[in-house]
Structures are given as C-alpha cells and as structure tokens.
Amino acid sequence: MISAAPRELLATFGADHAAMLCIFYVYGLGSALLIGSLEVPAAVNLATGMWVAGSLATMTVAAVAIGRFTLSARVLRLPGCGRVLFRSYALLLTLIVIIPIALFRIFIPEGRELIWATLAAPLGLLCPKLMKFVRSLPRLEGGIPSNGLPTETIRMYIGRAFAPVSFASAAFKLRILSLVFWSVPLLLTVANGRPRAAQWYLAITAILVWLWFMNALAQFIQCRDASFAELALLPGLGHPRSQRWALYCAALAPPLLACSLLAAISLILMSWKPDAADQILLHGLILLFLLLAGAGVVTAQLFRKDRTRLTRSGLLLQLSMPIYIWPSLLPLSQHSPSWFKYTILGLLFAGMGGVAIVAWIQLRKLARLPHPFLDGT
Amino acid sequence: MGGSPLRCEGIFKRYDGNVVLNDVSLSLLPGAIFGLVGRNGAGKTTLIQILLGLLQADSGSAVVMDEPALAMTDASKRRLGYVPQQPETLGWMHVGDMLNFVGDFYPMWDQPYVEDCLKRWSIAPSRPLSKLSPGERQRIALIRALAIRPQLLVLDEPAAALDPVARRDLLRELALRAGESGTTVLFSTHIVSDLERVASHVACLHHHKMVLIAPMDDLKETHALLQVNSDMAEQLPGKLPGELSRRRRSDGGLSIIVVRDSGAVWPAPAGEAGVQFESPGLEDLIIELTS
C-alpha cells in the first residue's frame with residue numbers, strides 16, 4: 001500500500017517526468033554517496049559536485065512537471081489542488097535538500113563542504129521561466145524533403161535536442177553563440193595552466209549535454225507505441241531493418257559524438273600529466289567495451305522483422321553512457337584514485353545505473369495506479 | 001485494387017505466455033467503415049499493430065493493400081493514414097511546422113483541406129503542439145491522417161479521451177471525408193454509440209477471439225437474442241446451431257445470442273414455449289457477446 005504523499009507527488013508530476021526525476025535522484029544521490037564514502041579526496045569533490053548538479057537538474061524537471069500539472073488543474077478546476085501542490089513541494093524539498101545533506105553528513109565525514117551548495121537547488125524551479133527567454137524553436141524553413149536522409153527525419157521525431165537545424169535558423173545561431181560563451185572559460189582555465197579546473201568544467205558540461213539528449217529521448221520513448229508507430233508508417237524510411245538502423249544512428253550518434261568530443265578534450269588535458277598513461281589506457285578499454293557492447297545490442301535488434309520493438313535496448317545503451325563519461329572526465333590531481341579504486345568507481349556507476357533502471361520500471365507501474373483525486377469516487 | 005485493402009488470417013499472438021489474440025481473421029471491404037469493438041484488454045490495439053506490420057504475429061498473416069504487412073512498401077505507406085490513441089509525436093513543434101513537415105512525405109497532401117480544418121476548428125498554426133488540449137491534438141492527428149487522402153485509414157480508439165461533443169465532431173469529420181473519397185476505415189472503440197454513428201460494418205473481439213463480424217444493416221435480421229427461462233434452460237442441448245454466446249442469468253435462465261445466414265430459419269428453440277425471441281439492439285448485442 002502506498003501512502004498518499006508519494007502518490008500525490010507522482011500524480012502532480014506525471015509518469016514521464018516522475019521517471020526522469022527518479023533516475024536523477026537515485027543515480028545522482030546514490031552514486032554521490034557511494035563514491036564519496038570511498039574517502040578519496042578527489043572523488044568526494046566529484047561526488048558532491050555531481051549531486052549538486054543532479055539536484056539542480058531534478059528541480060528543473062520538477063518545475064516543468066509542476067507547471068504542466070498546474071495548467072491541467074486550472075483547466076479541469078481540480079478541487080484542493082493548492083494543498084496537493086504544497087505537500088508535493090514539501091516532499092520534494094525534503095527529498096532534494098534535507099535528506100541528502102543528512103546522508104552526506106552521516107556517510108562522508110570529511111571534505112563534504114560543497115554539499116551545502118544543495119541549498120541552492122530550489123533555484124532550479126526558476127529554470128523553465130528563465131529558459132523561455134533563450135528558447136528558440138528550430139524553424140524548418142520548407143521542411144525536410146521526403147528523399148532526405150532517414151536519420152534526419154527520425155531525429156525530428158526524437159525531439160528538439162536531436163533535430164537537425166539549418167545554418168540560417170535562429171536555433172543554429174543560438175547554438176553557435178552558446179558554444180562561444182562556453183569555450184571562453186575553458187580557454188581561460190587552460191591558458192592559466194589549470195587543467196584540473198578545465199576538466200571539472202568539461203565534466204559538468206558532459207553531464208548537462210547528456211541530460212539534454214536523454215531528456216528528449218526519454219520523452220520519445222515514454223509515448224513509444226504512438227511515436228514508433230507513426231514513425232514506422234512514414235514513407236521514405238525504407239525496410240524495417242534499415243529503419244531500425246537509422247533510428248539507432250539518429251538516437252546514439254549526436255550524444256555519443258558530443259560526449260566523446262568532451263572526453264577527448266579531457267584526455268588531451270590529462271595527457272599533460274606525466275603519470276597518466278595507465279588511466280588513458282583504462283579509458284580506452286572502457287570505451288572499446290562500450291562500443292562493442294553497443295554494437296552487439298544494435299546488431300541483435302537488426303534481425304527483428306517488426307518495426308517498433310527496440311526501445312529497451314536502446315534506452316539501456318543510452319543509460320550506460322554516463323558510466324563511461326563521468327569517470328572518464330574525473331578530474332585528476334595528485335589525489336587521483338588508484339587503479340583499484342578507479343575500477344570500483346566504474347562498477348559503482350554501473351550498479352547505480354541498474355538501480356535507476358529498476359526504479360524507472362517500478363515507477364511506471366506506480367503510474368498506473370488510480371489518481372489520488374479519484375479515490376473514494 | 002479489387003481485393004481487400006486490409007486483411008488478416010489466423011492471427012495468433014502471445015505476450016509473456018498470455019494469449020492476446022487467438023486465431024483472429026478479418027477482411028475489410030473496400031470503402032467500408034469498419035468498427036472494431038471490444039472491452040479493454042480484448043486485444044484491439046495489438047490486432048491493429050499486427051495488421052499494420054508494427055508487431056509480428058506468432059502465426060498467421062496480415063496483408064495491407066496486397067502486400068505483407070511486415071514488408072509494406074513506401075507506395076502503400078503513402079496511401080495509409082494512421083491515428084494512434086494518444087498522438088504525441090513531434091509535440092515540440094508548432095502545428096503548422098509539423099503539418100508541413102509531414103506533408104512533404106505525401107505527394108497527395110491536401111493543403112487546402114488542412115487550412116480549412118484548422119480554420120474551422122480555430123486552431124492557430126503558430127501554436128506549439130505541446131500546448132494543445134487532448135481534443136485539439138486528436139483533431140490535428142485526424143487532419144494529418146485525412147490530408148494524405150488515404151485509401152486506408154486506421155484509427156486506434158481515436159475518440160476515447162474526448163468529451164461527447166468533441167467525439168461527435170471528430171466522428172462526423174471522419175465519416176464525411178471518408179465517405180467523399182471512398183476511403184476504407186478501420187477504427188477501434190469501446191463506445192457502442194460511436195459505431196452506430198459512423199460504422200457500416202462491425203467486428204467484436206472478446207476473450208482474444210473475433211466473436212462477431214457483420215454489416216450493421218444486417219445485424220437485426222441475422223442476429224437474435226433468445227431469453228430462455230430456467231425450466232427450458234435445463235432441457236436445452238449443449239450448443240445451438242449458430243450460437244455465438246451464452247450467459248446464465250441470475251434467475252437461472254439463459255441469454256443466448258444466435259446467428260443465422262440470410263434467409264435461413266432460426267435455430268429450433270426460437271419458437272418454443274419458454275423461449276422469448278428478441279431482436280437485440282447493437283448495444284445489447286455487444287453487451288451479451290462480451291459479458
């Protein structure tokens with residue numbers, strides 16, 4: 001039996017956003033606590049920094065979800081909606097701020113000062129409002145012709161983050177402008193001989209980029225029956241097998257390319273250190289393993305005849321990306337972890353990824369329960 | 001194209017050990033508006049997905065416009081419209097952008113019709129799809145499906161989430177446009193009044209089997225409800241000729257749905273004492289078949 005508060009929270013957010021919140025929360029907090037408790041100074045900083053970023057992301061998604069709920073509540077004139085929102089906010093802040101600070105104080109006795117930055121997490125609630133000022137929908141300007149590349153068509157279906165944009169569009173100019181602004185601090189830190197700060201910067205960027213792509217992919221997969229069906233019945237995408245291949249290329253290539261680029265810059269910075277050869281080799285091996293595993297999953301899917309059954313493997317593959325990305329961008333210093341602890345870190349990330357997936361599935365089951373407002377009717 | 005635009009034969013599908021469809025066959029006549037009715041979980045969506053090649057059946061075959069559903073060519077896809085239960089695709093785009101984007105894939109795209117519908121339903125092309133109400137989104141999905149001038153249109157519970165007025169509007173548009181262009185339509189629903197409003201044929205799925213396929217006009221002449229009292233019920237043989245369903249009532253009597261071929265006589269007990277012969281309405285017929 002589930003008590004009313006989590007069910008209200010779930011109903012307030014909706015299953016799709018709640019699934020994302022759960023992933024951010026379990027993955028971010030769990031990984032941070034486990035890594036932090038290893039008592040490796042560099043890892044403690046990474047853990048707390050990671051959680052602070054995770055809490056901000058969670059709050060941002062929560063703000064989007066709450067906005068959507070408020071709009072629906074206004075349209076439907078739901079009774080008692082104010083009280084529900086108040087309880088949902090209270091539960092959210094307990095989960096995001098109070099519990100993590102308490103857990104960090106218990107499990108990470110040393111070097112956890114950065115955790116107080118979690119107090120800034122509620123600012124994430126303002127993000128959607130701020131984003132309205134900078135958001136610009138990619139204009140299609142004539143659309144993509146039906147003889148265009150199937151991957152480009154599929155990218156349009158996956159969502160805004162994946163959509164190809166023309167050079168003349170406002171969205172393209174915005175991206176270039178963002179890139180310029182982003183590269184200034186990176187160049188400054190490198191020019192000042194602070195590769196560790198640059199690696200921190202790259203790590204945070206990689207997390208945000210991954211979340212951006214993952215968000216679009218999750219939205220696409222959440223309504224998978226309708227989305228895949230409409231996509232599969234669109235002319236011009238070819239045989240189901242080639243269509244599936246194009247979908248994998250479209251879904252995996254942009255985030256992989258973006259994150260690989262960031263990882264490559266990080267590796268170059270790492271190579272300045274005289275004793276970094278072992279860790280560069282380890283990065284290479286992890287990357288090779290992931291590529292082979294990913295290729296295996298994709299190849300197995302290509303032998304299916306029907307058009308829509310591919311989502312879970314694709315999703316798992318996507319979720320496995322940070323297992324590589326985050327440790328690979330681990331800022332290295334004189335306190336860098338040993339080989340053994342480094343491998344343990346990777347395994348912990350993988351384990352937490354598994355927990356997050358299980359949490360996602362469980363949450364989808366919870367979402368099928370009756371709406372709390374309908375209890376007793 | 002003289003044959004059936006959409007047909008399947010002996011479809012069998014199992015999910016995680018549970019049978020979802022058991023030896024289901026269906027064939028749509030060209031130009032017919034076919035209503036597929038059944039209770040929640042009867043297998044309607046699975047059947048539609050198999051018919052369109054979105055899912056692979058464990059056995060049996062599905063054919064769309066004379067091509068195997070699993071290997072449909074682009075030529076067939078261009079003549080096929082599909083409206084899912086919850087159309088959420090391309091929700092990040094504006095209404096006009098989305099319709100332009102999709103229209104580029106279809107050579108027969110009817111842009112004046114799109115503009116006329118948007119105007120009639122007061123939906124501005126500049127609105128983001130994600131900001132539309134469910135009813136408006138469903139209307140956009142219908143516009144999108146009808147604007148390609150499909151020869152075959154498949155709708156998966158298109159009106160399930162709509163209020164009665166919006167549902168009536170949507171179905172009226174569907175019937176009008178499909179009737180004008182001779183489009184063959186298959187739509188699933190669990191709302192019987194929707195069937196009565198637009199369908200020319202009805203098919204009923206129950207317990208993963210097809211229990212009824214008939215033209216709407218012939219239903220009253222070919223189907224009967226026999227209300228058998230408790231005394232007579234004890235004397236009835238096992239299964240009557242043409243029997244479709246049998247339900248025991250709380251008073252011990254039986255409600256039996258029987259079918260006969262056109263012009264043929266009704267099964268034997270129809271005229272006997274203790275057996276009340278009724279010509280059921282569509283709703284009663286569906287309830288008897290699926291209860």
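Residues numbered from 1 in each chain as written. Chains lettered and ligands numbered in written order. Predicted model: local features only at pLDDT ≥ 70, side-chain atom pairs only at ≥ 80, totals over all residues.

(A) Spatial organisation of the overall build of chain A. Helix and strand content of chain A: 13 helices and zero strands. Tracing chain A from N to C terminus, the helices and strands come up as α-α-α-α-α-α-α-α-α-α-α-α-α. Here chain A holds 377 residues, and the buried ones make up 38% of them. Taking the contacts inside chain A whose residues are at least 6 apart along the sequence as the reference set, 81% of them involve residues at least 24 apart. (Helix = DSSP H or I, 4+ residues; strand = E, 2+ residues; numbered from the N terminus. Buried ≥ 20, exposed ≤ 12 C-beta atoms within 10 Å, placed from the backbone. Contact = placed C-beta atoms within 7 Å.)

(B) Summary view of the environment of P158 of chain B. All names here are of chain B. Assignment of secondary structure puts P158 in the loop between β7 (152-156) and α6 (164-181). By the C-beta count within 10 Å, which is 26 here, P158 ends up buried. Separated by 71 residues in the primary sequence, P158 and P87 place their C-alpha atoms 9.2 Å from one another.

(C) Structural detail: helix α1 (residues 44-51) of chain B. All names here are of chain B. Counting buried positions along α1 gives eight out of eight residues, so the element sits mostly inside the fold. Those residues of α1 not exposed but buried are K44, T45, T46, L47, I48, Q49, I50 and L51. Note on α1: the residue one or two positions beyond its end, G53, has a positive phi of about 75°.

(D) The arrangement of the packing of helix α5 (residues 134-147) of chain B against α6 of chain B in detail. Residue and element names in this part refer to chain B. Look at α5 against α6: their axes get within 11 Å of each other, and the N-to-C directions meet at 5°. Here α5 lies roughly parallel to α6, going by the angle between them. Between α5 and α6, the residues in contact are G135, Q138, R139, L142 and L146 and A166, L170, E173, L174 and R177, respectively. Here the residues of the contact of α5 with α6 sort into five nonpolar, two polar and three charged. (Axes fitted to C-alpha atoms, helices over the stretch in contact; angles between N-to-C directions. Parallel < 35°, antiparallel > 145°, perpendicular 65-115°, else oblique. Nonpolar A, V, L, I, M, F, W, Y, C, P; charged D, E, K, R; others polar.)

(E) Representation of the packing of helix α6 (residues 150-158) of chain A against helix α10 (residues 240-270) of chain A within the structure. Residues and elements named next belong to chain A. The N-to-C vectors of α6 and α10 enclose an angle of 60°; their axes lie 8 Å apart at closest approach. Comparing their axes, α10 and α6 come out oblique. The two elements α6 and α10 meet at a crossing, and its hand is right-handed. For the pair α6 and α10, the contacting residues are P150, T151, I154, R155 and I158 in the first and Q243, A246, L247, C249, A250 and A251 in the second. Partitioning the contact of α6 with α10 into residue classes produces eight nonpolar, two polar and one charged. (Left-handed = near helix turned anticlockwise from the far one by under 90°.)

(F) Just the environment of R167 of chain B, in detail. All names here are of chain B. On the secondary structure map, R167 appears in helix α6. Taking the C-alpha atoms as reference points, R167 and M93, separated by 74 residues in sequence, lie 25 Å from one another. Setting aside anything within four residues of it in sequence, one finds R167 in contact with A159, L162 and D194.

(G) Inspection of the domain arrangement of chain B at higher detail. All names here are of chain B. Its domain assignment divides chain B into domain 1 (6-207) and domain 2 (218-290). Taken over C-alpha atoms, the centre of domain 1 sits 34 Å from the centre of domain 2. Opposite the eight residues of domain 1 that make contact, domain 2 presents five residues. If you list the elements that add at least two residues to the side of domain 1 that touches domain 2, you get β3 (33-38), α7 (192-198) and β9 (201-206). For the side of domain 1 that touches domain 2, the element with the highest residue contribution is α7, accounting for three residues. Among the residues making up the side of domain 1 that touches domain 2, the classes are represented as four nonpolar, two polar and two charged. (Domains from an automatic or database assignment.)

(H) View of unusual backbone geometry. Residue and element names in this part refer to chain B. Residues other than glycine seldom take positive phi values, yet M65 does so here, at roughly 45°. The topology assignment puts M65 in the loop between β4 (59-64) and β5 (67-68). With a phi close to 50°, R149 is a non-glycine residue in the positive phi region. Relative to the elements of secondary structure, R149 occurs in the loop between α5 and β7.

(I) Spotlight on the confidence of the model for chain B. All names here are of chain B. Counting all residues, the mean pLDDT for chain B is 85, and 95% of those residues have values of 70 or more. Here helix α9 (residues 230-235) stands out as the element of chain B with the lowest mean pLDDT, 76, in contrast to β4, whose mean of 93 is the highest. Overall fold confidence (pTM) sits at 0.71, and the ipTM for the predicted complex is 0.84. (pLDDT = per-residue confidence, 0-100.)

(J) Highlighting the nonpolar core. By size, the foremost hydrophobic cluster in this structure holds 139 residues, and its most contacted members are F34, L51 and L52 of chain B. The dominant element in this core, judged by the number of residues it contributes, is helix α8 (residues 195-222) of chain A, at 13 residues. In contact with L52 of chain B, other than residues within four places in its own chain, are L233 of chain A together with V64, A69, Y82 and V154 of chain B. (Core = buried A, V, L, I, M, F, W, Y, C linked by C-beta atoms within 7 Å.)

(K) Layout of the sheet that holds strand β1 (residues 6-15) of chain B. All names here are of chain B. Taken in spatial order, the four strands of this open sheet run β2-β1-β4-β5, and their pairing is antiparallel. The sheet terminates laterally at β2 (18-27) and β5, the two strands that pair on one side only. Here five bridges tie β1 to β4, and the two strands are oriented antiparallel to one another. Bridging from a neighbouring strand, R7 pairs with V63 of β4. Most of the contacts of α1 go to β1, to which it runs at about 125°, and overall it touches β1, β2 and β4. (Pairing = 2+ DSSP bridges.)

(L) Highlighting the sheet that holds strand β13 (residues 254-259) of chain B. All names here are of chain B. Pairing is antiparallel across the open sheet formed by four strands, whose spatial order is β12-β13-β11-β14. Both edges of this open sheet fall to β12 (243-248) and β14 (275-278), since each of them pairs with a single strand only. Pairs of neighbouring strands in the sheet enclose a mean axial angle of 20°, with direction left out of account. Note: strand β11 (residues 223-228) against β13, six bridges, orientation antiparallel. Among the inter-strand pairings, A224 is bridged to a residue of β13, identified as V258.

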